[in-house]
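Each chain is listed here by its residues.
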Amino acid sequence: DVKVTQSSRYLVKRTGEKVFLECVQDMDHENMFWYRQDPGLGLRLIYFSYDVKMKEKGDIPEGYSVSREKKERFSLILESASTNQTSMYLCASSTAGQGNQPQHFGDGTRLSIL
Amino acid sequence: TQLLEQSPQFLSIQEGENLTVYCNSSSVFSSLQWYRQEPGEGPVLLVTVVTGGEVKKLKRLTFQFGDARKDSSLHITAAQPGDTGLYLCAGVRSNYQLIWGAGTKLIIKP
């Protein structure tokens, strides 16, 4: 079974802090994704990566950056956390291909910015 | 921007009833995926529909892709409490990215 592990289930940080969310997958997947999930808005893509050191902006990249130095690890960075970044953050991975590949998700990190 | 409208947003019904969740768009998708998410967990893929008009069954769940590949439905027969969860549809728009519906929160009362 594919396992996607997010480093923290719950995280509380203060406004202005630099926040790191880590994600590791164990199935050698090429693609990795970071989403945020808010009630009534579904999943919104922040960034994705299709290879090591490669990244592309999703729909809401402002205030975030990412790092993919190794194939199995994809990090999301909040450069200067703000209260409107309080949310559930989900990491996912998938194989490369024609787009039908399922995305495999971690259990999420519930981040609160005070 | 492609949008995927999912309805209803919330549904609470008694065990044994039937229900249908809809996913609609003005855009054509190459395929569409349905996921279920339980509290405290990430979404898990239920099914992918690829061909216009395709119908797939997963026990009491029936998934249909519209003929024009712009819409999809999920029908649950004789719902059970174990069906409770958040159901999400996602349209495939490129090799990497999905467009997500807002989700249907389903509660099945015993």
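Keep in mind the model is a prediction, meaning the values are calculated, not measured. (Residues numbered from 1 in each chain as written. Chains lettered and ligands numbered in written order. Predicted model: local features only at pLDDT ≥ 70, side-chain atom pairs only at ≥ 80, totals over all residues. Heavy atoms only, no water.)

Some words on the overall build of chain B
Stage number 1. What chain B contains, in helices and strands, is zero helices and eleven strands.
Stage number 2. When the helices and strands of chain B are listed from N to C terminus, the series reads β-β-β-β-β-β-β-β-β-β-β.
Stage number 3. Against the compact-globule benchmark of 13 Å for 110 residues, chain B has a radius of gyration of 13 Å, which places it among compact chains.
Stage number 4. Projected onto its principal axes, the C-alpha coordinates of chain B cover approximately 40 × 30 × 20 Å.
Stage number 5. Looking at chain B as a whole, 44% of its 110 residues qualify as buried.
Stage number 6. Sequence-distant contacts in chain B: of pairs separated by 6 or more residues, those separated by 24 or more amount to 53%.
Stage number 7. Summed over all atoms, the accessible surface of chain B reaches about 5100 Å², with 49% contributed by carbon and sulfur.
Stage number 8. Charge centroids of chain B, computed over 10 positive and 9 negative side chains, lie 3 Å from each other. (Helix = DSSP H or I, 4+ residues; strand = E, 2+ residues; numbered from the N terminus. Rg over C-alpha atoms; globule rule 2.2 N^0.38 Å. Buried < 20%, exposed > 50% of the residue type's maximum accessible area, 1.4 Å probe, protein only. Contact = heavy atoms within 4.5 Å. Areas by Shrake-Rupley, 256 points an atom, 1.4 Å probe, with all protein chains shown as cover. Lys, Arg positive; Asp, Glu negative; His and termini not counted. Charge placed at Lys NZ, Arg CZ, Asp CG, Glu CD.)

A few points about the nonpolar core
Stage number 1. Judged by nonpolar contacts, the single largest core of 21 residues is most densely connected at L4(B), L19(B), L32(B), W34(B), F63(B), L74(B) and I76(B).
Stage number 2. When residues of this core are traced back to their parent elements, those giving at least two are β3 (19-24), β4 (32-37), β5 (44-49), β7 (61-65), β8 (71-76), β9 (85-92) and β11 (104-109) of chain B.
Stage number 3. Ignoring sequence-local partners within four residues, the contact set of L32(B) consists of L4(B), V47(B), T48(B), V49(B), F65(B), S72(B), C89(B), A90(B) and G91(B).
Stage number 4. In this structure, Y47(A), A81(A), C91(A) and I113(A) belong to the second largest nonpolar core, which totals 20 residues. (Core = buried A, V, L, I, M, F, W, Y, C linked by side-chain atoms within 4.5 Å.)

With respect to the interface of chain A and chain B
Stage number 1. Residue-level contacts link 24 residues of chain A with 24 residues of chain B.
Stage number 2. Summed over both sides, the interface between chain A and chain B buries roughly 1800 Å², with carbon and sulfur atoms accounting for 49% of that surface.
Stage number 3. The interface formed by chain A and chain B holds zero salt bridges in total.
Stage number 4. Between the two partners, chain A and chain B, sit six residue pairs in polar contact (both at pLDDT 80 or more).
Stage number 5. Those elements that provide at least two residues to the side of chain A that touches chain B are β4 (31-38) and β5 (42-51) of chain A.
Stage number 6. Element by element, the count of residues in the side of chain A that touches chain B is highest for β5(A), at five residues.
Stage number 7. Its residues placed into classes, the side of chain A that touches chain B shows ten nonpolar, eleven polar and three charged. (Buried area = accessible area lost by both parts, 1.4 Å probe. Salt bridge = Lys/Arg side-chain N within 4 Å of Asp/Glu carboxyl O. Polar contact = N/O pair within 3.5 Å; in protein donor to acceptor, adjacent residues only side chain to side chain. Nonpolar A, V, L, I, M, F, W, Y, C, P; charged D, E, K, R; others polar.)

Thoughts on the environment of G40(B)
Stage number 1. You can see G40(B) is positioned in the loop between β4 and β5.
Stage number 2. Under the relative-accessibility criterion, G40(B) is labelled partly exposed at 40%.
Stage number 3. Contacts of G40(B), omitting those with residues within four sequence positions, involve R9(A) and D107(A).

Structural notes on the state of the cysteines
Residue and element names in this part refer to chain A.
Stage number 1. Counting across every chain of the model gives two disulfides over all chains.
Stage number 2. Disulfide pairing is shown between C23 and C91; the S-S distance is 1.9 Å. Disulfide C23-C91: the torsion about the S-S bond is -80°, which places it as left-handed. One end of the pair, C23, is in strand β3 (residues 19-25); the other, C91, is in strand β9 (residues 87-94), with 68 residues separating them in the sequence. (Disulfide = S-S within 2.5 Å.)

Re the sheet that holds strand β8 (residues 73-78) of chain A
Residue and element names in this part refer to chain A.
Stage number 1. Strand order in the open sheet formed by four strands is β1-β3-β8-β7, with antiparallel pairing between adjacent strands. Of all the strands in the sheet, the pair left with one neighbour each is β1 (4-6) and β7 (64-70). Neighbour-to-neighbour, the strand axes of the sheet open up by a mean angle of 20°, direction not taken into account.
Stage number 2. Relative to β8, β3 runs antiparallel, the two sharing six bridges. Its bridge partner being in β8, F20 is matched across the sheet by I77. (Pairing = 2+ DSSP bridges. Axes fitted to C-alpha atoms, helices over the stretch in contact; angles between N-to-C directions.)

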